[in-house]
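Chain by chain, the residues:
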Amino acid sequence: MEQPLLKISNLDVEYNQSRVISNVSLSVNEGEILGIVGESGSGKSTLIKSAMGILSNNGCVSNGSIFYKERDLLNASAEELRRVRGTEMGMIFQNCESSLCPVRTIGDQVYETMVQHMKVTKKNAKEKALELLEILHFSDGKRVLKSYPFELSGGMNQRVGIMMAMLLKPSLLFADEPTSALDVTVQKQVVNEMLRIRDNFGTAIVIVTHNIGVVNYIADNIVVMYKGNVVEYGKKDDIINNPKNEYTIKLLKAVPKLKVEES
């Protein structure tokens, strides 16, 4: 039987000694897209930050395990985690613009990201970035690389964040509410770009969102979280069409379903 790319077992997470995630277990296989849904405060973002090892100082994993390719992430050294993050696990944030340096061009930041993990020239970094931008259907890649973040729209910066997360072609990509601050048109672009990433590179994606329409369109499997617990977990079609948990039923009725069509 194939080993999962990511396996989280019986995970408890605490902030200031108050439990915010209780006994969560899930797995992600190569090339799978897993959607994690739930209202604000349900623990969705905390879960993926735990896997990335980027909980804030007052947060900690108090029980359970997180394995990536059979590598124990909770007991890995800081150097081991540094090697895994970026090269094997990437992350798209809710507001990518805030994670970009405002006084350096996108092209310079591409080079700085790549040179931290491999030997690469500026020319080669630019070529790789342009190739990736083309795959993601950017029509003006050269202009984007010459631009500063403040010269680009919020939606364009979000799309740049996806490109930056994929520079090193990680096997697993976490996306934390990647479409929540975008208008419907740009949401469609971002969702389709994530699908292109999976189709072109076989990348597994874990997407956290409150938008049922996005998850219905993009995900293979769904986790529903409520107050730090997993209340439903299974194949997308089963949960969307035949939810078992009362909270899932209410969530499906309460959240507007965004219609996301292929471009």
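Residues numbered from 1 in each chain as written. Predicted model: local features only at pLDDT ≥ 70, side-chain atom pairs only at ≥ 80, totals over all residues. Heavy atoms only, no water.

Chemist: Help me out: how do you make sense of the state of the cysteines in this one?
Modeler: Here a disulfide denotes one covalent bond, and it connects the sulfur atoms of two cysteines. Tallied over the entire structure, the rule returns zero disulfides. In this structure C101 is a free cysteine whose sulfur lies 15 Å from that of C96, the closest cysteine sulfur available. (Disulfide = S-S within 2.5 Å.)

Chemist: Please clarify how the sheet that holds strand β8 (residues 204–209) should be interpreted in this entry.
Modeler: Whether parallel or antiparallel, the strands of a sheet pair through hydrogen bonds between backbone atoms. The strand order across the open sheet built from six strands is β6-β7-β8-β3-β9-β10, with neighbouring strands paired in mixed fashion. Here the strands that pair on one side only, and so sit at the sheet edges, are β6 (89–92) and β10 (229–235). Each strand of the sheet is rotated relative to its neighbour by a mean of 15°, with strand direction disregarded. Inspection of the sheet shows strand β9 (residues 221–226) paired to β10 by six bridges, in the antiparallel sense. The residue bridging V224 from the neighbouring strand is E232, located in β10. Where helix α6 (residues 154–165) meets the sheet, it contacts β6 and β7 (172–176), and its direction lies at approximately 175° from that of β6. Along the sheet face, helix α10 (residues 246–254) touches β3 (33–37), β9 and β10 and points at about 100° away from the line of β9. (Pairing = 2+ DSSP bridges. Helix = DSSP H or I, 4+ residues; strand = E, 2+ residues; numbered from the N terminus. Axes fitted to C-alpha atoms, helices over the stretch in contact; angles between N-to-C directions. Contact = heavy atoms within 4.5 Å.)

Chemist: Just to check I follow, could you spell out the nonpolar core for this structure?
Modeler: Soluble globular proteins: nonpolar side chains tend toward being buried together. Ranked by size, the top nonpolar core spans 50 residues in total, and within it I106, V110, M163, M194 and I218 carry the most contacts. L11, L47, I48 and M225 belong to the second largest nonpolar core, which has 32 residues in total. (Core = buried A, V, L, I, M, F, W, Y, C linked by side-chain atoms within 4.5 Å. Buried < 20%, exposed > 50% of the residue type's maximum accessible area, 1.4 Å probe, protein only.)

Chemist: Could you clarify how one ought to interpret the packing of aromatic side chains in this entry?
Modeler: Think of a pair of aromatic rings as described by two things: how far the centres are apart, and how the planes are tilted against each other in angle. With the rule as written, the count across this model stands at two aromatic pairs. Note on Y148 and F150: the rings are 5.7 Å apart at their centroids and 15° apart in plane angle, and the pair reads as stacked. A relative accessible area of 58% means that F150 is categorised as exposed. Its end group placed over the ring of F138, R159 keeps NZ or CZ at 4.1 Å from the ring centre. (Phe/Tyr/Trp six-rings, centres within 6.5 Å; stacked < 30°, edge-to-face > 60°. Lys NZ or Arg CZ within 6 Å of the ring centre and 35° of its normal.)

Chemist: I would appreciate a short explanation of the packing of α6 against helix α7 (residues 184–201) in the present structure.
Modeler: Between two packed helices, the angle of one axis relative to the other and the distance separating the axes together describe the packing. For the pair α6 and α7, interaxial distance at closest approach is 10 Å and the crossing angle is 10°. Classified by the interaxial angle, the pair formed by α6 and α7 is roughly parallel. Along its contact with α6, which presents G155, Q158, R159 and I162, the element α7 presents V186, Q189, V190, E193, M194 and I197. Split by residue class, the contact of α6 with α7 holds five nonpolar, three polar and two charged. (Parallel < 35°, antiparallel > 145°, perpendicular 65-115°, else oblique. Nonpolar A, V, L, I, M, F, W, Y, C, P; charged D, E, K, R; others polar.)

Chemist: Looking at this model, I keep getting lost on the environment of F67. Mind explaining?
Modeler: Mapped onto the secondary structure, F67 falls in strand β4 (residues 59–68). Each C-alpha atom of the pair F67 and I197 lies 23 Å from the other, and the pair is 130 residues apart in sequence. When sequence neighbours within four positions are dropped, the list of residues in contact with F67 reads L5, L6, K7 and D72.

Chemist: Help me understand the packing of helix α3 (residues 106–115) against helix α4 (residues 122–135) in this model?
Modeler: α4 packs onto α3 with a crossing angle of 105° between their chain directions and a minimal axis gap of 9 Å. Accordingly, the angle class assigned to the pair α3 and α4 is roughly perpendicular. From α3, D108, V110, Y111 and M114 reach across to α4, where they touch K122, A125, K128 and A129. When grouped by side-chain class, the residues that make up the contact of α3 with α4 number five nonpolar, no polar and three charged.

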